[in-house]
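# A structural walkthrough
This is what each chain is made of:
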Amino acid sequence: MSVKLLKQSAVSNPNLLINGDFQVWQRGTAFNYNVSNKYCADRWILSHGAYYNAMKIDKHEKGMQVTLTTSSGSGGGIYQYVENAVYGKTYTFSVCVNDKVYILTGTPLSDGVEISKSFTDFKITLKWDNANKCVRVGVWFNTINKTYIVNWTKLEYGALNTMYVPRFYSAELELCKLYYELIFVMSSANYAMPKTTGILSACAKAKVKRIKPAITIRDDSAGKCSRYIAGNSTLNGEPCRASYHDDGTIEVISDSGSSANGILANIEINAEIYPS
């Protein structure tokens, strides 16, 4: 990996990172993990060093707030896999952060490059992931009980970093939904589609995903949704199943209980490169 400080250009190239300024948090806005390789802000995965440091990650008004909360180990970081990478291509990575961090492109620290400015940019040749045809890039934090504020990150083609220009939230969210989406499925007696007595089906439209996704019903670990009874709004946990269709339609079917008039279900649709 070659490293070189570069001069910023006034022209802006597209950011190859999705959610580079941490606007989108579909999974929640606060995380306190003791395990590695879990998603936090959309498209961003956290990684621990030796002994699995605990990391606290929160949404911040200026981006992402990161705190390492365990004293053992070699730090922790956040990273993103970028698809359709070109082997040997030169990229420029930029980060705006409040303190000293490392660039994370592969094995933490072994090929990390320490940076100590609030805005620093580098010419780098990123590592290639043969199995998934993607590259990994991110930021590594190495000081325990220090609060880091990461405002934004940017990855672009070429040997010159250009001005950071954020996307609108709506545009960022649509890109994130190619990989992950939470959707609420609801039907009433007027819209539920009874197949036979006691069986109800409800549908909702999600964004078409990059690959066929994994579908999870999030209401409880037993894979249940809520069926409600008209008149008193009683909610009952009932077994149900969900399926994804190529046009983005999500269908939820509940086939137990004959007194329910509708379905309520929170559906997680995961098409990430490395699902977690």
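These remarks concern the structure in this document. (Residues numbered from 1 in each chain as written. Predicted model: local features only at pLDDT ≥ 70, side-chain atom pairs only at ≥ 80, totals over all residues. Heavy atoms only, no water.)

## What about the overall build of the protein chain?
To keep things clear, this is the line we draw: Secondary structure follows DSSP: runs of H or I at least 4 residues long count as helices, runs of E at least 2 residues long count as strands, and numbering of each begins at the N terminus. Partly exposed describes any residue whose relative accessible area lies between the buried limit of under 20% and the exposed limit of over 50%, with all areas from a 1.4 Å probe on protein chains only and scaled to the type maximum. By definition, residues are in contact when any of their heavy atoms lie within 4.5 Å. Residue burial considers only the protein chains on display, and all accessible areas are found by Shrake-Rupley using a 1.4 Å probe.
When its secondary structure is counted, the protein chain shows one helix and 19 strands. When burial is assessed residue by residue, the protein chain has 49% of its 276 residues classed as buried. For the protein chain, the proportion of contacts with a sequence separation of at least 24, taken over those separated by at least 6, is 72%. About 13,000 Å² of surface is accessible on the protein chain, with carbon and sulfur atoms providing 51% of the total.

## Some points on the side chain of Asn-270
Operational definition: The term polar contact refers here to a pair of N or O atoms within 3.5 Å; inside protein, the definition further demands a hydrogen-donor-capable atom paired with an acceptor-capable atom, and it admits residues adjacent in sequence only when both atoms are side-chain atoms.
Mapped onto the elements of the fold, Asn-270 is located in strand E19 (residues 262-270). A distance of 3.0 Å separates a polar side-chain atom of Asn-270 from the backbone nitrogen of Glu-272.

## Structural notes on the pairing of strand E5 (residues 63-68)
Counted only if it meets this: A pair of strands is labelled paired if DSSP reports no fewer than 2 bridges between them.
Across the six residues that make up E5, a large majority, five, are buried. As paired strands, strand E4 (residues 55-60) and E5 are joined by six bridges and run antiparallel to one another. Within E5, the position partnered with Lys-59 by the bridge is Met-64. What sits between E4 and E5 in their antiparallel hairpin is a turn of two residues.

## Observations concerning the nonpolar core
What counts here: Here, nonpolar core means buried Ala, Val, Leu, Ile, Met, Phe, Trp, Tyr and Cys residues that are tied together by side-chain atoms lying within 4.5 Å of each other.
Ranked by internal contacts, the top residues of the largest apolar core, which has 29 residues, are Phe-22, Ile-57, Met-64, Ile-78, Phe-93 and Phe-141. Within the residue set of this core, elements represented by two or more residues are strand E1 (30-33), E4, E5, strand E6 (76-83), strand E7 (90-97), strand E8 (101-104), strand E11 (134-141) and strand E12 (147-157). Beyond its immediate sequence surroundings of up to four residues, Phe-22 is in contact with Ala-41, Trp-44, Gly-63, Met-64, Ile-78, Val-150, Asn-151, Trp-152 and Thr-153. Counting 15 residues, the second largest nonpolar core, distinct from the first, contains Cys-240, Ile-250, Ala-265 and Ile-269.

## Considering the pattern of salt bridges
Applied cut-off: Each salt bridge in this description consists of a side-chain nitrogen of Lys or Arg and a carboxyl oxygen of Asp or Glu lying within 4 Å of one another.
Here the structure, examined in full by the defined rule, presents eleven salt bridges. Put simply, Arg-27 and Glu-272 hold a salt bridge, and the shortest N to O gap is 3.9 Å. On the criterion of sequence distance, the pair formed by Arg-27 in the segment before E1 and Glu-272 in the segment after E19 is long-range, its members being 245 residues apart. Glu-272 carries the same exposure label as Arg-27, and that label is buried.

## Structural notes on the packing of aromatic side chains
Stated formally: Any Phe, Tyr or Trp ring, taking Trp's six-membered ring, that has another such ring centre within 6.5 Å forms a pair; planes under 30 degrees apart are called stacked, those over 60 apart edge-to-face, and the others tilted.
Scanning the entire structure with this criterion turns up five aromatic pairs. With a centroid separation of 5.5 Å and 85° between ring planes, the pair formed by Tyr-79 and Tyr-81 is classed as edge-to-face. In this pair, the class of Tyr-79 matches that of Tyr-81, namely buried. Centre to centre, the rings of Phe-141 and Tyr-148 are 4.8 Å apart; their planes meet at 45°, and the pair counts as tilted.

## Some remarks on unusual backbone geometry
Positive phi, close to 60°, is recorded for Phe-22, a residue that is not glycine. Along the polypeptide, Phe-22 turns up in the segment before E1. One non-glycine residue, Arg-43, lies in the positive phi region at around 75°. Summarising the element assignment, Arg-43 is placed in the loop between strand E2 (38-39) and strand E3 (45-48).

## Comments concerning the environment of Leu-200
You can see Leu-200 is positioned in strand E14 (residues 200-205). For the pair Leu-200 and Ser-254, spaced 54 residues apart in sequence, the C-alpha to C-alpha distance is 5.4 Å.

## Overview of helix H1 (residues 169-176)
Just so we agree on the cut-off: When we speak of the arc, we mean the arc of directions from the helix axis to the C-beta atoms.
Taken residue by residue, H1 has Glu-172, Leu-173 and Cys-176 as its buried positions. End-on, the buried residues of H1 take up no more than an arc of 100°, which puts them together on one face. Each element contacted by the buried residues of H1 is listed here: strand E13 (180-187).

## Considering the side chain of Thr-92
Relative to the helices and strands, Thr-92 resides in strand E7. A polar contact of 2.8 Å, which involves the side chain of Thr-92, links it to the backbone oxygen of Gly-158.

## Let's talk about the pairing of E4
The pairing of E1 with E4 spans four bridges and is classified as antiparallel. Looking at the pairing, Tyr-33 lines up with Met-55 of E4.

## Points about the environment of Phe-22
A relative accessible area of 2% means that Phe-22 is categorised as buried. Sequence separation between Phe-22 and Val-150 is 128 residues; the distance between their C-alpha atoms is 8.7 Å.

## Quick notes on the environment of Val-11
Residue placement: Val-11 occurs in the segment before E1. For the pair formed by Val-11 and Tyr-164, sequence separation is 153 residues and the distance between their alpha carbons is 9.2 Å.

Function-wise, these values are silent; they only describe arrangement.
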